[in-house]
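Examination of the molecular architecture
The residues making up each chain are set out below.
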Amino acid sequence: MFAWLYYDESKDRAFCFDCISFYHKTNNKLNKHTELSFIVDGFNNWKKASEKSHENSKMHVNSIHFILSINTNVSVISLLSKQKIEEQKNASTALLTIISTLQYLSQMGISIKGHSHNDGNFISLIEERCVDVPCLRYWIQQKNNWLSSDIQNEILEIMSLNLQRELVQSIKKSEYFSIITDSTTDISSTEQFSLCICYVDSNFEVHEVFTGLYNTPDSKALTFFDTIKDILIQFTLSTSNLRGHCFDGAANMSGKLNGVKKLIENVQPKSYFVHCSNHSLDLALQEVARKNSAMCDTFTMVRDVSNAILESAKRKKQLAKVLQNPKFCASDSIKAADTLKKTLLSFKSNEYFEKILNTVNLNAEIYELESLDDTKHIKKTPK
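Everything numeric in this text was worked out from a predicted model, so none of it was measured. (Residues numbered from 1 in each chain as written. Predicted model: local features only at pLDDT ≥ 70, side-chain atom pairs only at ≥ 80, totals over all residues. Heavy atoms only, no water.)

Before going further, it helps to examine the sheet that holds strand β5 (residues 206-215). The sheet built from five strands is open, its strands ordered β5-β4-β3-β6-β7 with mixed pairing. Only two strands of the sheet have a single partner each, and these edge strands are β5 and β7 (272-275). Across the sheet, the mean angle separating the axes of adjacent strands is 20° when strand polarity is ignored. Bridge count between strand β3 (residues 177-185) and strand β6 (residues 242-247): four bridges; the pairing is parallel. What sits directly across from phenylalanine 177, in β6, is leucine 242. Here helix α7 (residues 221-234) sits on the sheet and contacts β3, β4 (191-200) and β5; the angle it forms with β4, its principal contact strand, is near 50°. (Pairing = 2+ DSSP bridges. Helix = DSSP H or I, 4+ residues; strand = E, 2+ residues; numbered from the N terminus. Axes fitted to C-alpha atoms, helices over the stretch in contact; angles between N-to-C directions. Contact = heavy atoms within 4.5 Å.)

The structure is reproduced here in structure tokens:
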């Protein structure tokens, strides 16, 4: 079992051959690490044989190093240094593998953690990479293996700061910049404030840098203004080089008296306000839709159809089958619409649905399809 183990039948005791050799070659010099039970007296406490770990003792390790130094003509210090260098090399390889794994998951937008510390995409990918990086398997079995959540967050923060430094250097080369801001609430009703920095490089190419999402306690103009200042300070950018600010037309953002627009212009009058084009287009489409009855009916019908399908797992499954069927044709859509019409009538009045039905039949005539008959299978619903 152990190459160093020597058993003396006459004494019924076990000895360590390597330690005995080291003991005699050093002229029987004893130290605090010397274990006489394996050298002079012999070991015979067989009840505790499984608990005794002589192989990992300081005495045995020193004996092995001494014997190796004699056989190879290399000093013990050189052997220890070589072993230490190898351990440092493996540790460096393991750390670089962990960093590259975190970098890949963050770049792909893949979740890192699982339900517990021992599962998740990060741990699974690390275990898979042990096949290509053999020293990683030994490293992750150690207690301090740099896989804790705190270490992961620290590495991600360091990568984030390095990326920010590179972006700041690019922005400062162009000297002048502008900002685009917006805010919305997420599914947990938490206010999320976003900020992008726009600049033009030496090749006259426009760049938009997304700085991140920031949680704000409220949606007041002063809160957003203070958040903008803090972000610019974090990026070591001065408001004296700010030449434009763009956001939507909400009162707290573009208000002429107390909005973020006014607060920015008070600090930097040279910054020009631009109303968000996407928001302007959205407002224009809303106004057009309100004035056009056909558009209102179309959007209402699309909303009702989507709600009718999404509210039922059975209808969602039927829709998936229809979309996956390559033989699906217009006649099948008429049958599906007839079934859907019955569903819609369960929560809409007949008078309202007649308007939608007329629109559907009108489109059916245009595309030479069979029109829907609302008198064959549908009963009048009470008002």
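On the surface, Tyr104, Met108 and Ile110 cluster together to form a nonpolar patch covering roughly 290 Å² of accessible area. The residue isoleucine 110 is located in the loop between α3 (76-108) and α4 (121-129) in this model. Residue classification places isoleucine 110 among the partly exposed positions, given a relative accessible area of 34%. (Patch = residues over 30% accessible without salt bridge, like charges linked within 9 Å, V, L, I, M, F, W, Y side chains within 5 Å. Areas by Shrake-Rupley, 256 points an atom, 1.4 Å probe, with all protein chains shown as cover. Salt bridge = Lys/Arg side-chain N within 4 Å of Asp/Glu carboxyl O. Buried < 20%, exposed > 50% of the residue type's maximum accessible area, 1.4 Å probe, protein only.)

This part takes up the pattern of salt bridges. Think of it this way: side chains of opposite charge can pair up when their charged atoms draw near. Counted under the stated rule, the structure contains three salt bridges. Notably, a salt bridge pairs aspartate 226 with lysine 229, separated by 3.8 Å at the nearest N-O pair. Separated by three residues within a single helix, aspartate 226 and lysine 229 lie in helix α7, roughly one turn from each other. Residue aspartate 226 is classed as partly exposed on the basis of its relative accessible area, which comes to 31%. On the basis of relative accessibility, which here comes to 36%, the residue lysine 229 falls in the partly exposed class. Salt-bridge contacts for aspartate 304 lead to arginine 303; the nearest nitrogen and oxygen are separated by 3.7 Å.

The next point concerns the nonpolar core. Among the nonpolar cores identified, the biggest contains 24 residues, and Phe177, Ile179, Leu195, Ile228, Leu237, Val260 and Ile264 are the most heavily contacted of them. Elements that contribute at least two residues to this core include exactly α6 (149-174), β3, β4, β5, α7, β6 and α9 (260-267). In terms of residues, this core owes the most to one element, α7, which gives six residues. Non-local contacts of valine 260, meaning those with residues more than four positions away in its chain, are made with Ala221, Phe224, Phe225, Ile228, Phe247, Asn252 and Met253. In terms of nonpolar packing, the next biggest core, distinct from the first, is built from 17 residues, Ala94, Leu102, Leu105 and Val133 among them. (Core = buried A, V, L, I, M, F, W, Y, C linked by side-chain atoms within 4.5 Å.)

Let's shift gears to the confidence of the model for the protein. Note that predicted coordinates carrying low pLDDT should not be read in detail. Of all residues in the protein, 74% have pLDDT values of 70 or greater, and the mean over the chain is 77. Scored below 50 in pLDDT, residues 374-383 shows 16 contacts in the model against residues more than four places distant or in partner chains. (pLDDT = per-residue confidence, 0-100.)

The full count for this structure, using the stated rule, is two cavities of 30 Å³ or more. As for the largest cavity, its lining consists of Ile179, Phe225, Ile228, Lys229, Leu232, Thr239, Leu242, Ile264, Val267 and Gln268. When residues of the lining of the largest cavity are traced back to their parent elements, those giving at least two are α7 and α9. In terms of residue count, α7 provides more of the lining of the largest cavity than any other element does, four residues in total. Here the lining of the largest cavity is built from residues that sort into seven nonpolar, two polar and one charged. (1 Å grid on protein atoms, 1.4 Å probe; cavity = no way out; pocket = protein on both sides within 12 Å on 5 of 7 lines; lining within 4 Å. Points joined across faces, edges and corners; volume = space filled by probe spheres on them. Nonpolar A, V, L, I, M, F, W, Y, C, P; charged D, E, K, R; others polar.)

Let us look at the pairing of β4. Of all 10 residues that make up β4, nine are buried, and the element is covered over most of its length. Across eight bridges, β3 lies against β4 in antiparallel orientation. Looking across to β4, one finds that isoleucine 180 is bridged to cysteine 196. As defined by bridge partners, β4 adjoins β5 across nine bridges and the pair is classed as antiparallel.

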